[in-house]
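An overview of the molecular structure
Okay, here's what each chain looks like letter by letter:
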Amino acid sequence: MRPLARLLPPGWFSPLDVAEYRYLVRSLPDKATMIEVGVFLGRSLCSVADLIREKQIHLVAVDTFTKTHMLGHRPLKDTQRTLFERQMAARDLHPTIYAMPSMEAAAQFPGRADFVFLDADHTYPAVLAEIAAWRPKTTRVMGGHDYLPSPTPTPTNGVRRAVRESFSVIHLRGWVWSAGLV
C-alpha cells in the first residue's frame, strides 16, 4: 500500500501536519460544520476525507481559485477550481464552495462553524483580520497552517505573530496551530 502522502494532491501539508489535522477533525462531533479557508488543490481536506464522510461533517471550502501554479512546480494543467473539485469528487466530498476572498466569505457565511482552519493569505494584517472575522463564527476550534518555528520575519511568519497576538493559549504540531474556543 502506498503512503498517504503519495495519494494526496500536491501541496505543502507535511505528514506531521496531516497527523495534527486528523486529530483536530477527529475531535469534532458528528454532523459538525467545518470551514477551510485557502484550500488550493485540496491536499489537507483529502487527508481527512474519510473522517469527514464518517462524521457526516458539513464542509465549506473558501478560496479565490485564481492560482495558476505552485511554487517550484510546472503551471497547473487546468484551473485551480477544476482540479480542486476533481480531488473532492474522487473522495466523495461535496463541499459548499465560496469562491471569493476570506473576508467576503466570512461576511456572507450565514451561520456558525465548529471548526475554522485558516490557510490563505499568510501576511500579518491578513491573518489578524481573518481571525477577527472568523472567530465570532467559530464555536469550538480555530486553527491554521504555516505557523513556522522561526521568529525571523518572512511573508509566512505573519501567521505566527497574528496567532500569538490573538490567542493566549495555542497548540502546535508541525506547522499546524489551533486554539480551543469552548
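Look up a bit, the structure's there.
Remember, it's a predicted structure, so these values are computed and weren't measured experimentally.

Moving on, we get to the overall build of the protein. Tallying secondary structure elements over the protein gives eight helices and seven strands in all. The burial tally for the protein puts 49% of its 182 residues in the buried class. Taking the intrachain contacts of the protein between residues at least 6 apart in sequence as the baseline, contacts between residues at least 24 apart amount to 74%. Surface accessibility of the protein: about 9200 Å² in total, with carbon and sulfur atoms responsible for 57%.

Relative to the elements of secondary structure, L118 occurs in strand β4 (residues 113-118). Classification of L118 by relative accessible area gives buried; the value is 5%. In this structure the C-alpha to C-alpha distance between L118 and S102, which are 16 residues apart in sequence, comes to 8.9 Å. Among residues more than four places away in sequence, those in contact with L118 are V37, E130, I131, W134, M142, G143, G144, H145 and W177.

With that out of the way, let us pick up the packing of aromatic side chains. Enumeration according to the criterion identifies seven aromatic pairs in this entry. Both rings, one in F65 and one in F84, keep their centres 5.6 Å apart while their planes meet at 50°; by these two values the pair is tilted. Placement of the pair is F65 in the loop between β2 (58-63) and α5 (80-90) and F84 in helix α5, with a sequence separation of 19 residues. Among the residues examined, F65 registers a relative accessible area of 11% and is labelled buried. Members of the aromatic cluster, connected to one another through ring pairs, are Y21, F115 and F117. One cation-aromatic arrangement involves R81 over F65; the distance from NZ or CZ to the ring centre is 5.7 Å.

As a further point, take the sheet that holds strand β6 (residues 171-173). If you trace the seven strands from one edge of the open sheet to the other, you get β3-β2-β1-β4-β5-β7-β6, paired in mixed fashion. For this open sheet the edge positions go to β3 (96-99) and β6, each flanked by a neighbour on one side alone. Within this sheet the neighbouring strands show an average axis-to-axis angle of 15°, counted without direction. Pairing of strand β5 (residues 138-144) with strand β7 (residues 176-180), which is carried by four bridges, proceeds in the antiparallel orientation. Bridge pairing in β7 links G143 to S178. Here helix α7 (residues 124-134) sits on the sheet in contact with β1 (33-37), β2, β4, β5 and β7, set at roughly 175° to β4.

The next subject is the pairing of β5. Burial within β5 is extensive, with five of its seven residues counted as buried. Of the strand pairs in this sheet, β4 and β5 are connected by five bridges, and their pairing is parallel. When the sheet's bridge partners are listed, L118 is paired in β5 with G144. As a crossover connection, the stretch from β4 through α7 into β5 is right-handed.

Right, let's get into the environment of V176. Residue placement: V176 occurs in strand β7. Look at V176 and you get buried, because its relative accessible area is 0%. In sequence terms V176 and A19 are 157 residues apart; their C-alpha atoms lie 9.7 Å from each other.

Turning next to the side chain of S102. Here S102 is to be found in helix α6 (residues 102-108). A polar contact is formed between the side chain of S102 and the side chain of E130, at a distance of 2.9 Å. Those residues in contact with S102, other than ones at most four positions away along the chain, are V37, V62, E130 and W134.

Procedures and definitions
Residues numbered from 1 in each chain as written. Predicted model: local features only at pLDDT ≥ 70, side-chain atom pairs only at ≥ 80, totals over all residues. Heavy atoms only, no water. Helix = DSSP H or I, 4+ residues; strand = E, 2+ residues; numbered from the N terminus. Buried < 20%, exposed > 50% of the residue type's maximum accessible area, 1.4 Å probe, protein only. Contact = heavy atoms within 4.5 Å. Areas by Shrake-Rupley, 256 points an atom, 1.4 Å probe, with all protein chains shown as cover. Phe/Tyr/Trp six-rings, centres within 6.5 Å; stacked < 30°, edge-to-face > 60°. Lys NZ or Arg CZ within 6 Å of the ring centre and 35° of its normal. Pairing = 2+ DSSP bridges. Axes fitted to C-alpha atoms, helices over the stretch in contact; angles between N-to-C directions. Right-handed = clockwise from strand over helix to strand, strands pointing away. Polar contact = N/O pair within 3.5 Å; in protein donor to acceptor, adjacent residues only side chain to side chain.

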